[in-house]
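Close look at the chain arrangement
What follows is each chain in one-letter form.
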Number of protein chains: 2
Amino acid sequence: MDEPGDGVTRWRRVADQIRAAIGDGSVADRLPAEGVMAERFGVNRHTVRRAIAALAADGLVRAERGRGTFVTGPAPRLVYEVGPRTRFSENVLSQARRPGGRLIGSDRVGADAEIAALLNCPSGLELFRIESLHDADGLPLSVATSWFPAARFPGIVGNFAETGSITEALLREGVADYRRRETRITAERLSSSDATHLAAAPDGLVLVARAVDVDLRGRPIQVLRTRFHAERMELVFRH
Amino acid sequence: MDEPGDGVTRWRRVADQIRAAIGDGSVADRLPAEGVMAERFGVNRHTVRRAIAALAADGLVRAERGRGTFVTGPAPRLVYEVGPRTRFSENVLSQARRPGGRLIGSDRVGADAEIAALLNCPSGLELFRIESLHDADGLPLSVATSWFPAARFPGIVGNFAETGSITEALLREGVADYRRRETRITAERLSSSDATHLAAAPDGLVLVARAVDVDLRGRPIQVLRTRFHAERMELVFRH
DNA sequence: TGCCATTTGTTCGTATGTATT
DNA sequence: AAATACATACGAACAAATGGC
């Protein structure tokens, strides 16, 4: 009766609304008083306080007794440019930050219908699946799942494990250059394992980018499913 | 990490994980038994049952006594192609669906620093701000906020109110054609007002696209902040 | 100085919802 | 099905800090 039954608590929803108000600029520097927000949101003042506490824990606001609660400003997002020649490390380096990558896991799988279509290969073809984590200055930014034809790139897993870079790993397999054909974007909630790897709150959001990379002759090399931490990044597409 | 103190209930998190597993295809047809999932997620079977009930209420799965729980399939997303000549109505028509648009609200505002930089105009310049809702076959897909220089497009609000199309509204103001320069993508939770307009659950997700459109001489025409319903759409960028 | 309104911080109590056993 | 433990939410006070008058 009290909860609408959607599994999200009231203080959480209040926190999200305040966060959104800060994000879109409708609250610039100081929040309304707790009592005012309590009335406006139709909740108890305790509930507002808990929401503020959550935002303060994220460093988004700072409460000062007797004065008010002030916006300290959202953390700036890393700008990640996506285009035909997207390279994670170049992107991060261009923002004067140090890129990193490491192997989380890998296995051999058969191509399902969707991936086979994207790779332009027969369904069931043997693939390497690589789970990787990518960061800037040690802050995790994205988790990616990549699929490679196993026959064409037999050493890809070891190469990536050693270099931490897909580009380097492909170079060792004889791929001098590759291009991105298209990128498809959706948004999802974090899965629990991704939350662990990204060192993020379990209810965080990710931008999911599904992409296909092709070699210079247009043959598909890899299928990617990258989950970008939504609060730490912004994807930019130039047209 | 998993403590029940982050504002999301356990059954909700379990439901989200099952939903994600269905979404990325790792669960194709039938869910594991409740007891198996309970152990896998580290929760009680009651909690799994509640999660399944929530998914069943959304029409995502169907539980059959004595047989199991089966995936009925997620609703297909509308594919929305973003490029230099993105037009909402053309995009929707290409999927054999009927586009719609209507004015939600409008007002006059002064350009803040960020928008002034994007529009390449002095800060404080008078702008029209337009809130609009866009749908396909009556299903709301996106809410957009647009800023236009008021002096250059004095009739833009009325034009959009009459036509429901930005392209048409600009045409009446003498803009025969325009191009998109860049698009920046982030993900957020729905604000309460956007949830109302999109007829969506209050805890839904949106893809937020910030873009600048320029005329054929390269002069900025409008700044856009579009919130796409994340479960109903997928954004595609061809490179 | 003092007074007072405003605002955040704290402590009771009570009721309801959630999750497990 | 019932009992238990814990988290959430509300209500009413009071304390402490701030700033204007």
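For the structure, see preceding data.
In what follows, the accompanying structure is described.

1. Topic: the overall build of chain A
Check the secondary structure of chain A and you find eight helices and 10 strands. Seen along its three principal axes, the alpha-carbon backbone of chain A occupies a region of about 65 × 45 × 35 Å. Per-residue burial over chain A gives 38% buried out of 239 residues. When contacts within chain A are restricted to residue pairs at least 6 apart in sequence, those whose partners lie at least 24 apart make up 56%.

2. Some thoughts on unusual backbone geometry
Notably, aspartate 137 of chain A is not glycine yet its phi reads approximately 55°, a positive angle. For aspartate 137 of chain A, a count of 13 C-beta atoms within 10 Å corresponds to the partly exposed category.

3. Some details on the protein's contact with DNA strand D
Residues and elements named next belong to chain A. DNA strand D sits among 13 residues. The nearest are Thr9, Arg10, Asn44, Thr47 and Gly66. Contributions of two or more residues to the surface near DNA strand D are made by α1 (10-23) and α3 (45-57). For the surface near DNA strand D, the class distribution of residues is three nonpolar, seven polar and three charged.

4. A look at the interface of chain A and chain B
Counting residues at the interface gives 42 residues for chain A, matched by 42 residues for chain B. Among the elements of the structure, α1, β7 (178-189), α8 (192-198), β8 (205-215) and β10 (233-238) of chain A are those that each provide at least two residues to the side of chain A that touches chain B. Here the side of chain A that touches chain B takes 10 residues from β7 of chain A, the largest share from any one element. In terms of residue class, the side of chain A that touches chain B is made up of 15 nonpolar, 12 polar and 15 charged.

5. Focus on the environment of phenylalanine 128 of chain B
Residues and elements named next belong to chain B. With respect to the element layout, phenylalanine 128 can be found in strand β5 (residues 126-136). Spatially, the C-alpha atoms of phenylalanine 128 and arginine 184 are 22 Å apart, while their sequence positions differ by 56 residues. Those residues in contact with phenylalanine 128, other than ones at most four positions away along the chain, are Ser106, Arg108, Phe148, Ala150, Phe153, Ile156 and Val157.

6. Quick look at the environment of arginine 49 of chain A
Within the element layout of this structure, arginine 49 of chain A appears in helix α3. Taking C-alpha positions, arginine 49 of chain A is 11 Å from arginine 10 of chain A, a pair spaced 39 residues apart along the chain.

7. Quick notes on helix α1 (residues 10-23) of chain B
Over its 14 residues, α1 of chain B extends 20 Å from the first C-alpha to the last, a length consistent with the 20 Å expected when each residue adds 1.5 Å. Taking burial as the measure, the 14 residues of α1 of chain B include 10 buried ones, the bulk of the element. Each element contacted by the buried residues of α1 of chain B is listed here: β7 and α8 of chain A together with α2 (34-41), α3 (45-57) and β2 (68-71) of chain B.

The rules behind these values
Residues numbered from 1 in each chain as written. Chains lettered and ligands numbered in written order. Predicted model: local features only at pLDDT ≥ 70, side-chain atom pairs only at ≥ 80, totals over all residues. Helix = DSSP H or I, 4+ residues; strand = E, 2+ residues; numbered from the N terminus. Buried ≥ 20, exposed ≤ 12 C-beta atoms within 10 Å, placed from the backbone. Contact = placed C-beta atoms within 7 Å. Near = placed C-beta within 6 Å. Nonpolar A, V, L, I, M, F, W, Y, C, P; charged D, E, K, R; others polar. Expected span 1.5 Å × (residues − 1).

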